[in-house]
Amino acid sequence: VKKAYRQKALSCHPDKNPDNPKAAELFHQLSQALALLTDVAARAAYDKVRKAKKQAAERTEKLDERRKKVKLDLEAREREAQTQESKEEEIQITRTLEQEIIRLREEGSRQLEEQQKLIQEQIRLERDQRVRGKQEGNGAEGRDTPKLKLRWKCKKEDETKGGYTKEVLLQILQKYGEVLTLVVSSKKTGSAFVEFATVKAAEMAVKHEVGLINNPLKVSWLEGQPHNSPSTVFPDSSSQPRVSKDSVLSERDYESLVMMRMRQAHDGNKHSPLVV
(Lines give C-alpha, C1' and ligand atoms only; values in the text may rest on other atoms or scores of the structure.)
Protein backbone atom coordinates (compact mmCIF):
# COMPACT_ATOMS: atom_id res chain seq x y z
CA VAL A 1 0.00 0.00 0.00
CA LYS A 2 2.83 2.40 0.89
CA LYS A 3 4.65 1.63 -2.36
CA ALA A 4 1.51 2.28 -4.42
CA TYR A 5 0.96 5.51 -2.48
CA ARG A 6 4.47 6.78 -3.24
CA GLN A 7 4.16 5.95 -6.94
CA LYS A 8 0.77 7.66 -7.28
CA ALA A 9 1.69 10.61 -5.05
CA LEU A 10 4.81 11.33 -7.11
CA SER A 11 2.77 11.62 -10.28
CA CYS A 12 0.14 13.95 -8.82
CA HIS A 13 2.18 15.93 -6.30
CA PRO A 14 1.38 19.70 -6.47
CA ASP A 15 5.07 20.55 -6.96
CA LYS A 16 5.17 18.35 -10.07
CA ASN A 17 1.80 19.57 -11.40
CA PRO A 18 1.82 23.37 -10.97
CA ASP A 19 -0.72 23.83 -13.80
CA ASN A 20 -3.30 21.44 -12.34
CA PRO A 21 -5.54 23.18 -9.75
CA LYS A 22 -6.92 19.82 -8.59
CA ALA A 23 -3.49 18.32 -7.84
CA ALA A 24 -3.48 19.46 -4.20
CA GLU A 25 -6.97 18.06 -3.60
CA LEU A 26 -6.05 14.70 -5.16
CA PHE A 27 -2.82 14.55 -3.15
CA HIS A 28 -4.82 15.24 0.03
CA GLN A 29 -7.26 12.43 -0.83
CA LEU A 30 -4.35 10.04 -1.36
CA SER A 31 -2.95 11.02 2.03
CA GLN A 32 -6.29 10.31 3.71
CA ALA A 33 -6.52 6.94 1.97
CA LEU A 34 -3.02 6.00 3.16
CA ALA A 35 -3.83 6.99 6.74
CA LEU A 36 -6.85 4.65 6.66
CA LEU A 37 -5.35 1.70 4.77
CA THR A 38 -2.11 1.54 6.79
CA ASP A 39 -4.04 0.93 10.01
CA VAL A 40 -5.32 -2.66 10.23
CA ALA A 41 -8.22 -1.89 12.56
CA ALA A 42 -9.45 1.11 10.56
CA ARG A 43 -9.14 -0.78 7.29
CA ALA A 44 -11.08 -3.76 8.68
CA ALA A 45 -13.82 -1.48 10.01
CA TYR A 46 -14.01 0.34 6.68
CA ASP A 47 -14.22 -2.94 4.72
CA LYS A 48 -16.91 -4.23 7.08
CA VAL A 49 -19.07 -1.14 6.58
CA ARG A 50 -18.61 -1.26 2.80
CA LYS A 51 -19.48 -4.95 2.68
CA ALA A 52 -22.61 -4.42 4.76
CA LYS A 53 -23.75 -1.53 2.55
CA LYS A 54 -23.11 -3.53 -0.61
CA GLN A 55 -25.06 -6.54 0.67
CA ALA A 56 -27.97 -4.33 1.75
CA ALA A 57 -28.05 -2.64 -1.68
CA GLU A 58 -28.06 -6.00 -3.46
CA ARG A 59 -30.94 -7.27 -1.33
CA THR A 60 -32.93 -4.09 -1.93
CA GLU A 61 -32.48 -4.27 -5.70
CA LYS A 62 -33.89 -7.80 -5.81
CA LEU A 63 -37.12 -6.70 -4.24
CA ASP A 64 -39.93 -5.47 -6.46
CA GLU A 65 -41.80 -2.25 -5.77
CA ARG A 66 -44.54 -3.89 -3.76
CA ARG A 67 -42.29 -5.98 -1.59
CA LYS A 68 -39.97 -3.01 -1.15
CA LYS A 69 -42.87 -0.88 0.12
CA VAL A 70 -43.90 -3.60 2.55
CA LYS A 71 -40.34 -3.94 3.73
CA LEU A 72 -39.91 -0.20 4.23
CA ASP A 73 -43.20 0.04 6.14
CA LEU A 74 -42.19 -2.84 8.36
CA GLU A 75 -38.82 -1.26 9.07
CA ALA A 76 -40.50 2.04 9.91
CA ARG A 77 -42.83 0.33 12.39
CA GLU A 78 -39.91 -1.52 13.92
CA ARG A 79 -37.98 1.72 14.36
CA GLU A 80 -40.96 3.37 16.01
CA ALA A 81 -41.32 0.39 18.36
CA GLN A 82 -37.78 0.64 19.60
CA THR A 83 -37.42 1.49 23.26
CA GLN A 84 -35.55 4.45 24.69
CA GLU A 85 -32.90 2.06 25.93
CA SER A 86 -32.16 0.88 22.38
CA LYS A 87 -31.84 4.46 21.16
CA GLU A 88 -29.38 5.31 23.94
CA GLU A 89 -27.35 2.22 23.12
CA GLU A 90 -27.19 3.25 19.44
CA ILE A 91 -26.05 6.74 20.40
CA GLN A 92 -23.35 5.28 22.66
CA ILE A 93 -22.10 2.97 19.89
CA THR A 94 -21.95 5.92 17.46
CA ARG A 95 -19.96 8.01 19.92
CA THR A 96 -17.56 5.12 20.58
CA LEU A 97 -17.01 4.65 16.84
CA GLU A 98 -16.35 8.37 16.35
CA GLN A 99 -13.80 8.34 19.17
CA GLU A 100 -12.12 5.27 17.65
CA ILE A 101 -11.91 6.94 14.24
CA ILE A 102 -10.32 10.03 15.80
CA ARG A 103 -7.76 7.84 17.59
CA LEU A 104 -6.94 5.92 14.40
CA ARG A 105 -6.47 9.17 12.48
CA GLU A 106 -4.04 10.46 15.11
CA GLU A 107 -2.04 7.23 14.96
CA GLY A 108 -2.03 7.23 11.17
CA SER A 109 -0.91 10.86 10.93
CA ARG A 110 2.60 9.88 12.03
CA GLN A 111 2.97 7.31 9.24
CA LEU A 112 1.48 9.78 6.77
CA GLU A 113 4.03 12.42 7.77
CA GLU A 114 6.87 9.93 7.27
CA GLN A 115 5.63 9.01 3.79
CA GLN A 116 5.26 12.67 2.82
CA LYS A 117 8.84 13.34 3.92
CA LEU A 118 10.03 10.46 1.72
CA ILE A 119 8.10 11.90 -1.22
CA GLN A 120 9.62 15.37 -0.70
CA GLU A 121 13.12 13.89 -0.46
CA GLN A 122 12.67 11.86 -3.64
CA ILE A 123 11.40 14.93 -5.52
CA ARG A 124 14.41 16.91 -4.28
CA LEU A 125 16.80 14.19 -5.45
CA GLU A 126 15.19 14.15 -8.90
CA ARG A 127 15.55 17.91 -9.18
CA ASP A 128 19.19 17.73 -8.13
CA GLN A 129 19.83 15.05 -10.75
CA ARG A 130 18.28 17.20 -13.49
CA VAL A 131 20.39 20.19 -12.42
CA ARG A 132 23.59 18.11 -12.37
CA GLY A 133 22.72 16.67 -15.79
CA LYS A 134 22.41 20.18 -17.26
CA GLN A 135 25.70 21.26 -15.67
CA GLU A 136 27.56 18.28 -17.11
CA GLY A 137 26.64 19.48 -20.63
CA ASN A 138 25.82 17.50 -23.72
CA GLY A 139 29.11 15.59 -23.78
CA ALA A 140 27.71 12.66 -21.84
CA GLU A 141 24.64 12.11 -24.04
CA GLY A 142 26.37 9.70 -26.41
CA ARG A 143 27.82 7.44 -23.71
CA ASP A 144 26.35 4.18 -22.48
CA THR A 145 24.52 4.15 -19.18
CA PRO A 146 26.70 2.93 -16.28
CA LYS A 147 26.23 -0.62 -15.05
CA LEU A 148 27.48 -2.10 -11.78
CA LYS A 149 27.94 -5.60 -10.42
CA LEU A 150 26.77 -6.42 -6.88
CA ARG A 151 28.09 -9.33 -4.79
CA TRP A 152 27.28 -10.58 -1.27
CA LYS A 153 27.48 -13.76 0.75
CA CYS A 154 24.45 -16.01 0.30
CA LYS A 155 23.84 -19.74 0.59
CA LYS A 156 21.68 -21.50 -1.98
CA GLU A 157 19.22 -22.73 0.64
CA ASP A 158 18.84 -19.26 2.19
CA GLU A 159 15.29 -18.12 1.44
CA THR A 160 16.09 -14.57 2.58
CA LYS A 161 18.83 -14.30 -0.08
CA GLY A 162 21.29 -13.09 2.52
CA GLY A 163 19.04 -10.14 3.36
CA TYR A 164 19.18 -8.69 -0.19
CA THR A 165 15.84 -9.03 -1.94
CA LYS A 166 14.91 -6.97 -5.00
CA GLU A 167 13.01 -4.52 -2.81
CA VAL A 168 15.94 -4.14 -0.38
CA LEU A 169 18.45 -3.58 -3.20
CA LEU A 170 16.21 -0.96 -4.84
CA GLN A 171 15.80 0.85 -1.52
CA ILE A 172 19.58 0.84 -1.03
CA LEU A 173 20.48 1.98 -4.56
CA GLN A 174 17.76 4.51 -5.35
CA LYS A 175 19.11 6.98 -2.82
CA TYR A 176 22.04 7.61 -5.18
CA GLY A 177 19.90 8.28 -8.26
CA GLU A 178 17.46 6.82 -10.78
CA VAL A 179 17.77 3.03 -11.28
CA LEU A 180 16.88 2.01 -14.84
CA THR A 181 17.37 -1.74 -14.47
CA LEU A 182 17.93 -4.19 -11.61
CA VAL A 183 18.56 -7.90 -12.22
CA VAL A 184 19.03 -10.38 -9.39
CA SER A 185 20.70 -13.50 -10.76
CA SER A 186 18.56 -16.63 -10.40
CA LYS A 187 21.45 -18.98 -11.26
CA LYS A 188 24.22 -17.46 -9.19
CA THR A 189 23.30 -16.73 -5.57
CA GLY A 190 24.52 -13.52 -4.02
CA SER A 191 24.86 -11.73 -7.37
CA ALA A 192 22.99 -8.91 -9.09
CA PHE A 193 23.45 -6.25 -11.78
CA VAL A 194 22.19 -2.66 -11.72
CA GLU A 195 21.99 0.06 -14.39
CA PHE A 196 21.91 3.70 -13.27
CA ALA A 197 20.64 6.64 -15.31
CA THR A 198 23.74 8.77 -14.56
CA VAL A 199 27.46 8.11 -14.10
CA LYS A 200 27.43 10.28 -10.97
CA ALA A 201 24.93 8.02 -9.26
CA ALA A 202 26.97 4.93 -10.15
CA GLU A 203 30.19 6.55 -8.87
CA MET A 204 28.54 7.39 -5.56
CA ALA A 205 27.23 3.83 -5.20
CA VAL A 206 30.68 2.33 -5.89
CA LYS A 207 32.39 4.77 -3.55
CA HIS A 208 30.03 4.83 -0.57
CA GLU A 209 27.72 1.80 -0.51
CA VAL A 210 28.71 -1.03 1.86
CA GLY A 211 25.30 -2.69 2.27
CA LEU A 212 24.02 -4.39 5.40
CA ILE A 213 26.21 -4.48 8.51
CA ASN A 214 25.91 -8.23 9.00
CA ASN A 215 26.43 -9.00 5.29
CA PRO A 216 28.55 -6.39 3.43
CA LEU A 217 27.83 -5.59 -0.21
CA LYS A 218 30.65 -5.51 -2.79
CA VAL A 219 30.05 -3.05 -5.63
CA SER A 220 32.17 -2.98 -8.79
CA TRP A 221 31.98 -1.54 -12.30
CA LEU A 222 30.64 -3.55 -15.20
CA GLU A 223 30.27 -0.91 -17.96
CA GLY A 224 30.55 2.86 -18.33
CA GLN A 225 33.33 3.32 -15.75
CA PRO A 226 35.07 6.75 -15.81
CA HIS A 227 38.88 6.67 -16.08
CA ASN A 228 39.42 8.24 -12.66
CA SER A 229 36.97 6.00 -10.78
CA PRO A 230 38.05 2.89 -8.80
CA SER A 231 36.75 -0.33 -10.29
CA THR A 232 35.72 -2.00 -7.02
CA VAL A 233 35.10 -1.03 -3.41
CA PHE A 234 35.24 -3.71 -0.69
CA PRO A 235 33.93 -3.14 2.83
CA ASP A 236 37.23 -4.51 4.17
CA SER A 237 40.19 -3.86 1.88
CA SER A 238 42.46 -6.22 3.83
CA SER A 239 40.24 -9.19 2.91
CA GLN A 240 39.90 -8.38 -0.82
CA PRO A 241 39.62 -11.71 -2.69
CA ARG A 242 41.84 -12.64 -5.63
CA VAL A 243 40.15 -13.69 -8.82
CA SER A 244 41.88 -15.55 -11.61
CA LYS A 245 42.05 -14.09 -15.12
CA ASP A 246 40.04 -16.95 -16.64
CA SER A 247 37.19 -16.57 -14.12
CA VAL A 248 37.03 -12.82 -14.75
CA LEU A 249 36.71 -13.36 -18.48
CA SER A 250 33.95 -15.94 -18.09
CA GLU A 251 32.04 -13.74 -15.68
CA ARG A 252 32.30 -10.75 -18.03
CA ASP A 253 31.01 -12.84 -20.95
CA TYR A 254 28.02 -13.96 -18.89
CA GLU A 255 27.38 -10.46 -17.56
CA SER A 256 27.60 -8.89 -21.02
CA LEU A 257 25.03 -11.38 -22.35
CA VAL A 258 22.66 -10.67 -19.46
CA MET A 259 22.98 -6.89 -19.81
CA MET A 260 22.43 -7.09 -23.58
CA ARG A 261 19.16 -8.94 -23.04
CA MET A 262 18.21 -6.44 -20.36
CA ARG A 263 18.73 -3.53 -22.76
CA GLN A 264 16.73 -5.26 -25.52
CA ALA A 265 13.80 -5.77 -23.17
CA HIS A 266 14.16 -2.26 -21.81
CA ASP A 267 14.16 -0.52 -25.23
CA GLY A 268 10.43 -1.06 -25.50
CA ASN A 269 9.76 0.79 -22.24
CA LYS A 270 12.36 3.50 -21.73
CA HIS A 271 10.30 5.60 -19.37
CA SER A 272 9.96 3.08 -16.52
CA PRO A 273 12.61 1.07 -14.60
CA LEU A 274 12.77 -2.64 -15.37
CA VAL A 275 13.01 -4.98 -12.38
CA VAL A 276 13.53 -8.68 -13.05
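Up top is the structure these notes are about.
All values derive from a computational prediction rather than experimental measurement. Position labels on residues start from 1 in each chain and follow its written sequence. Residue-level local features of this predicted model are given only where pLDDT is at least 70; pairs of side-chain atoms are given and counted only at 80 or more, and the full residue set underlies all totals for whole chains, interfaces and linings. The side-chain quantities take in all heavy atoms of the structure and omit both hydrogens and water.

## Thoughts on the nonpolar core
In these notes, a set of buried Ala, Val, Leu, Ile, Met, Phe, Trp, Tyr and Cys residues joined through side-chain atoms within 4.5 Å is what counts as a nonpolar core. Per-residue accessibility, obtained with a 1.4 Å probe over protein chains only, is compared with the maximum for each type, and a residue is labelled buried under 20%, exposed over 50%, and partly exposed between these values. Judged by nonpolar contacts, the single largest core of 23 residues is most densely connected at Leu148, Leu150, Leu169, Val194 and Phe196. The way it works is that DSSP assigns letters per residue, a run of H or I at least four long becomes a helix, a run of E at least two long becomes a strand, and they are numbered from the N terminus. Within the residue set of this core, elements represented by two or more residues are strand S1 (147-151), helix H6 (166-173), strand S2 (179-184), strand S3 (191-196), helix H7 (199-208) and strand S4 (218-223). No other element matches H7, which puts five residues into this core.

## A closer look at unusual backbone geometry
Where the residue is not glycine, phi is negative for most of them; where a peptide bond is considered, it is trans in most cases. Unlike most non-glycine residues, Lys161 shows phi in positive territory, near 55°. Topologically, Lys161 is positioned in the loop between S1 and H6.

## Structural notes on a negative patch on the surface
A cluster of like negative charges, contributed by Glu85, Glu88, Glu89 and Glu90, occupies part of the molecular surface. Following the sequence through the fold, Glu90 ends up in helix H5 (residues 84-135). On the basis of relative accessibility, which here comes to 49%, the residue Glu90 falls in the partly exposed class. Residues enter a patch when their relative accessible area is above 30% and they make no salt bridge; the linking distance is 9 Å between like charges and 5 Å between nonpolar side chains (Val, Leu, Ile, Met, Phe, Trp, Tyr). Methods summary: accessible areas were calculated by the Shrake-Rupley approach with a probe of 1.4 Å, and residue burial reflects only the protein chains presented. The term salt bridge refers to a side-chain nitrogen of Lys or Arg lying within 4 Å of a carboxyl oxygen of Asp or Glu. Charged-residue counts in this description rest on Lys and Arg as positive and Asp and Glu as negative, His and the chain ends being excluded. Working definition for charges: the position is that of NZ of Lys, CZ of Arg, CG of Asp or CD of Glu.

## Observations regarding the side chain of Glu209
Structurally, Glu209 can be placed in the loop between H7 and S4. Relative accessible area serves as the criterion here: at 6%, Glu209 is assigned to the buried category. Within 3.5 Å is the distance limit for a polar contact, defined as a pair of N or O atoms, with the added protein rule that one can donate a hydrogen and the other accept it, and that residues adjacent in sequence qualify only through two side-chain atoms. Within polar-contact distance, the side chain of Glu209 engages the side chain of Lys175 at 3.0 Å. When neighbours within four sequence positions are excluded, Glu209 is seen to be in contact with Ile172, Lys175, Tyr176, Met204, Leu217 and Val219. Note on definitions: a residue-residue contact is assigned when non-hydrogen atoms from the two residues lie within 4.5 Å.

## A look at the packing of helix H1 (residues 2-12) against helix H2 (residues 23-37)
Only C-alpha atoms enter the line fits that serve as axes; for helices the fit covers just the stretch in contact. Angles between N-to-C directions range over 0 to 180 degrees. The geometry of H1 relative to H2 is characterised by a closest axis approach of 10 Å and an angle of 170° between their N-to-C directions. It follows from the interaxial angle that H1 and H2 lie roughly antiparallel. Where H1 abuts H2, its residues Lys2, Tyr5, Lys8, Ala9 and Cys12 lie against Ala23, Leu26, Phe27, Leu30, Ser31 and Leu34. Put simply, angles under 35 degrees are roughly parallel, angles over 145 are roughly antiparallel, angles from 65 to 115 are roughly perpendicular, and the rest are oblique.

## Quick look at H7
Each full turn of the α-helix corresponds to 3.6 residues, which orients residues three or four apart in the same direction. Three or more residues of H7 are buried, namely Val199, Ala201, Ala202, Ala205 and Val206. Buried residues of H7, viewed axially, fall in a sector of 160°; they line one side. What the arc covers is the set of directions going from the helix axis to the C-beta atoms.

## Remarks on the side chain of His13
Here His13 lies in the loop between H1 and H2. Overall, the relative accessible area of 4% leaves His13 in the buried class. At 3.1 Å, the side chain of His13 forms a polar contact with the side chain of Gln120. Leave out the neighbours within four places in its chain, and His13 touches Phe27, Ile119, Gln120 and Ile123.

## Details of the pattern of salt bridges
Going through the model one piece at a time under the given rule, you end up with eleven salt bridges. In this structure, Lys16 engages Glu126 in a salt bridge whose closest nitrogen and oxygen atoms are separated by 3.3 Å. In this pair, Lys16 sits in the loop between H1 and H2 while Glu126 sits in helix H5, placing the two residues 110 residues apart along the sequence. One salt bridge in this structure joins Arg103 and Glu100, with 2.4 Å as the shortest N-O distance. Of the two residues, Arg103 and Glu100 are both situated in helix H5; the distance of three residues between them amounts to about one turn of the helix. Classification of Arg103 as partly exposed rests on a relative accessible area of 33%.

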